[in-house]
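# Architecture and fold: a report
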Amino acid sequence: MSYLSINNIEVIYDHVILVLKGVSLQVPQGKIVALLGANGAGKSTTLKSISNLLRAERGDVTKGSVEFKGSRIDQLTPADLVRQGVIQVMEGRHCFGHLSIEENLLTGAYTRSQSRAELKDSLDKVYAYFPRLKTRRSSQAGYTSGGEQQMCAIGRALMAKPEMILLDEPSMGLAPQIVEEIFEIVKDLNSKENVSFLLAEQNTMVALRYADFGYILENGRVVMEGEAADLRTNEDVKEFYLGLSSEGRKSFREVKHYRRRKRWLS
Amino acid sequence: MQFFIEVLVGGLLSGVMYALVALGFVLIYKASGVFNFAQGAMVFFAALTFVGFQEVLPGWLGMAADSSIVFWLAFLLAFLAMIVLGVATERIVLRPLVNQPHITLFMATIGLTYVIEGIAQMTWGATVRGLDLGIVDEPIAWLMDNYEIGISKFDLFAAGVAASLVALLALLFQYTKVGRALRAVADDHQAALSIGIPLQTIWRVVWAVAGFVALVAGMIWGARNGVQFALTFTALKALPVLILGGFTSVPGAIVGGLIIGASEKLAEVYVGPFVGGGIEGWFPYMLALAFLLVRPEGLFGEKHIDRV
């Protein structure tokens, strides 16, 4: 029995748009699993079908099941799910712009009933992971930088004491250095706090470096899966997602797009 | 000088009455980003329900109509009715419209206005009723005797009620967990949902609180002008107050109310004669219009934060 498992789910938006066509994946406890793919492949939809935020977007899981620690979670409300320890950090950060950074973090503890002292402890812990948030604790989140907002969003999720974080596109719109910094913290949280991660990313290179396992999604289907190290050396992945080919670097002028066929399409 | 003070204070106090109605708007706008067009109807509904219960309760309980038990029981029942109304609104109108554009929700509240007005009049009838809070609308004798300034006891009482209500709500929003969650929901529905804030509960709380504010506003306005359909138009008076004070600020509603109240009375008395009078009715709207050009978010409203 695995920790989080998605079994053959199909997702339809607005009763007509078929987005996921039978996706199955597993996240083992204490691991980082990367969900890779291009725009519109269905990464975010997969995450939202786990966290049940889908219904608010008029999407529906029409087939398959989602199980967390052996019990089905696809009928729970997002709030119940957060209480069970699964929380999503949404794409594009979604901090509460008019609340200060500290207030943002405090809202993350909404589902937990804890004393003032415990709350203070959780805050201090988040500040220990993200020292930069501490220096900006009283500024309105809307006026902080993109990197700080991403940290705020992750920190806010941490306040709910999750076992598993669904992290959607943390690298979006951030400088490579900040991306590196954020992934380091993810790795840290994973090893020190034993938080499992399911990570949707377009930045395949970075994601595969930090993840243990990876799935590649294309057009709403899982087309490839494997250990992150294996995926990194796979010829197809290298060519189509990492921009490397067996001949090394090459000029795009000479690229003929039909030269190589994705093997999984055959 | 005495006359000026009398006009000014009278204006400020009537401004507080506007603020009371504006408060209901602010609450719902803060928590759901919706301009609740039905607020005026809610004021009407609340006042009518209160008066209605006041009429039928003595018969049911076999008590005298002026006993304080009847008064408080009617108040409690009217508040309960407002809670039921709030919960029903959340279930029937808001829940199916999660994540829809704000304008959709706004349109839905316009529809809601008619439903609420209809229910209120269907249940209690459409006759104009009086409402007695036991406070007479006459000048305070002491001020009148010593300074010759006429300030109504009733106005002062209304101001006191409004001030305490505002203080209470400001504290609720700023310092409690639920208040924080309310502000979070106002900023971003989806994000609030994603960190486990149950939108439904928050909305129910907000509509119930707005219902309570509507009840208080309805009782005070009703005591002043009689409980009648015209109560729904108090909402229109709240508009310039909101624009001035800011749609998202509880203290803004009160400050906006004071400014509007004072300026409309002063304008009527000191500017009115030059233009033939009768400017009290439109002056606040002109003021709000001018204000919109200078500071569209209002005095205390939240600035639109855009990352560029």
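All values reported here derive from a predicted model rather than from experimental measurement. Going along each chain's sequence as written, the residues are numbered from 1 onward. Whichever chain is written first is A, and whichever ligand is written first is 1; the rest continue in order. pLDDT decides what is reported in this predicted model: residues at 70 or higher carry local features, side-chain atom pairs at 80 or more are listed and counted, and totals for whole chains, interfaces and linings draw on all residues regardless.

What follows concerns the overall build of chain B. Summing up its helical and strand segments, chain B has 12 helices and zero strands in all. Going along the chain from the N terminus, every DSSP run of H or I of four or more residues is numbered as a helix, and every run of E of two or more is numbered as a strand. The order of helices and strands in chain B, counted from the N terminus, is α-α-α-α-α-α-α-α-α-α-α-α. Within these notes, the globule rule equals 2.2 Å times the number of residues to the 0.38 power, and the radius of gyration is based on C-alpha atoms. Taking 308 residues into account, the globule formula puts the C-alpha radius of gyration at 19 Å, and chain B, at 20 Å, falls close to it. In terms of overall dimensions, chain B has a C-alpha envelope of 60 × 60 × 35 Å along the principal axes. Look at the contacts in chain B between residues 6 or more apart in sequence, and 76% of them connect residues 24 or more apart. Any pair of residues counts as being in contact when their C-beta atoms, constructed from backbone geometry, are within 7 Å of one another.

All names here are of chain A. Segmentation of the chain into domains, including their bounds, is taken from an automatic or database domain assignment. Examined at the domain level, chain A breaks down into domain 1 (4-233) and domain 2 (237-266). For domain 1 versus domain 2, the distance between C-alpha centres works out to 30 Å. Residue-level contacts link seven residues of domain 1 with four residues of domain 2. Looking at the side of domain 1 that touches domain 2, the elements with two or more residues in it are α8 (204-210) and β10 (221-227). Each residue receives one of three labels: charged for Asp, Glu, Lys and Arg, nonpolar for Ala, Val, Leu, Ile, Met, Phe, Trp, Tyr, Cys and Pro, and polar for the others, Gly being one of them. Across the side of domain 1 that touches domain 2, the residue classes break down as six nonpolar, one polar and no charged.

Moving on, we get to the nonpolar core. We call a set of buried Ala, Val, Leu, Ile, Met, Phe, Trp, Tyr and Cys residues a nonpolar core when their C-beta atoms link them within 7 Å. Buried means a residue has 20 or more other C-beta atoms within 10 Å of its own C-beta, exposed means 12 or fewer, and partly exposed covers the counts in between; C-beta atoms are placed from the backbone. Membership of the largest hydrophobic core comes to 168 residues, with the highest contact counts inside it found for Leu199(A), Ala22(B), Leu23(B), Ile197(B) and Val206(B). A per-element tally of this core places helix α9 (residues 199-225) of chain B first, with 19 residues. When sequence neighbours within four positions are dropped, the list of residues in contact with Ile197(B) reads Ala79(A), Thr107(A), Tyr110(A), Ala181(B), Ala184(B), Val185(B), Ala192(B) and Ile202(B).

Further remarks concern the interface of chain B and chain A. Every contact between the two is made by 19 residues of chain B and, on the other side, 29 residues of chain A. In the side of chain B that touches chain A, the residues fall into nine nonpolar, four polar and six charged.

Below, the discussion takes up the sheet that holds strand β6 (residues 86-89) of chain A. All names here are of chain A. Taken together, six strands build an open sheet; the order of strands is β6-β7-β8-β3-β9-β10 and the sheet is mixed. If you trace the sheet from one side to the other, it starts and ends with β6 and β10, each paired once. Here the average twist between neighbouring strands, direction ignored, is 15°. We treat two strands as partners when DSSP finds at least two bridges between them. Of the pairings in the sheet, the one linking strand β3 (residues 32-36) to strand β9 (residues 213-218) comprises four bridges and is parallel in character. To obtain an axis, a line is fitted to C-alpha atoms, over the contacting stretch when the element is a helix, and the angle between two such axes runs from 0 to 180 degrees between their N-to-C directions.

Each pair of packed helices can be described by the angle between their axes along with the distance between the axes. Residues and elements named next belong to chain B. Between helix α1 (residues 2-32) and helix α10 (residues 234-245), the least distance of the axes is 8 Å, while the angle of their chain directions is 75°. Relative to α10, the element α1 lies roughly perpendicular. Contact with α1, carried on its side by Tyr18, Ala19, Val21, Ala22 and Phe25, involves Thr234, Ala235, Lys237, Ala238, Val241, Leu242 and Gly245 of α10 and no other residues of that element. Tallied by class, residues from the contact of α1 with α10 come to nine nonpolar, two polar and one charged. Each angle gets one of four labels, with under 35 degrees taken as roughly parallel, over 145 as roughly antiparallel, 65 to 115 as roughly perpendicular, and the rest as oblique.

Regular strands show a simple pattern: their side chains alternate between the two faces of the sheet. Residue and element names in this part refer to chain A. Counted residue by residue, β3 has five buried out of five residues, so it is predominantly covered. Sheet analysis places β3 next to strand β8 (residues 196-201), joined by five bridges and oriented parallel. Bridge pairing in β8 links leucine 36 to glutamate 201.

Sheets are built from strands that pair by backbone hydrogen bonding, the pairs being arranged parallel or antiparallel. Residue and element names in this part refer to chain A. What the four strands build is an open sheet, ordered β2-β1-β4-β5; its pairing is antiparallel. In this open sheet, the two edge strands, each paired with only one partner strand, are β2 (17-27) and β5 (71-72). Two elements, strand β4 (residues 59-68) and β5, share two bridges in a ladder whose sense is antiparallel. Note on β5: the bridge partner recorded for glutamate 67 is arginine 72.

Residues and elements named next belong to chain B. The contact between α10 and helix α12 (residues 283-294) brings their axes to 9 Å, and the two run at 25°. In terms of orientation, α10 lies roughly parallel with respect to α12. As for the relative orientation of α10 and α12, their crossing is left-handed in sense. Contact residues: α10 offers Leu239, Pro240, Ile243 and Leu244, while α12 offers Pro284, Tyr285, Leu287, Ala288, Phe291 and Leu292. Here the residues of the contact of α10 with α12 are counted per class, giving 10 nonpolar, no polar and no charged. Handedness of a crossing is defined here by the sense of rotation of the near helix relative to the far one, left-handed for an anticlockwise turn of less than a right angle and right-handed for a clockwise turn.

The end-to-end C-alpha distance of helix α11 (residues 250-275) of chain B is 35 Å, a good match for the 38 Å that 26 residues give at a rise of 1.5 Å each. A positive phi of about 90° marks Gly276(B), the residue just after α11(B). One less than the number of residues in a helix, times 1.5 Å, gives the span that helix is expected to have.

All names here are of chain A. In this model, histidine 15 sits at a positive phi of 65°, which is unusual for a non-glycine residue. Although it is not a glycine, lysine 161 adopts a positive phi angle of roughly 50°. Looking at lysine 161, the number of C-beta atoms within 10 Å reads 19, which means it is partly exposed.

A few words on helix α2 (residues 39-61) of chain B. Residues and elements named next belong to chain B. Under the 1.5 Å per step criterion, the end-to-end length of α2 is 32 Å for 23 residues, consistent within 8% with the ideal 33 Å. If you look at α2, its biggest bend is around 30°, right at glutamate 55, and the proline proline 58 turns up within four residues after that. Just downstream of α2, glycine 62 is the residue with a positive phi angle, here 70°. Bend is the name given here to the angle between axes fitted to two runs of seven residues, the run ending at a residue and the run starting at it.

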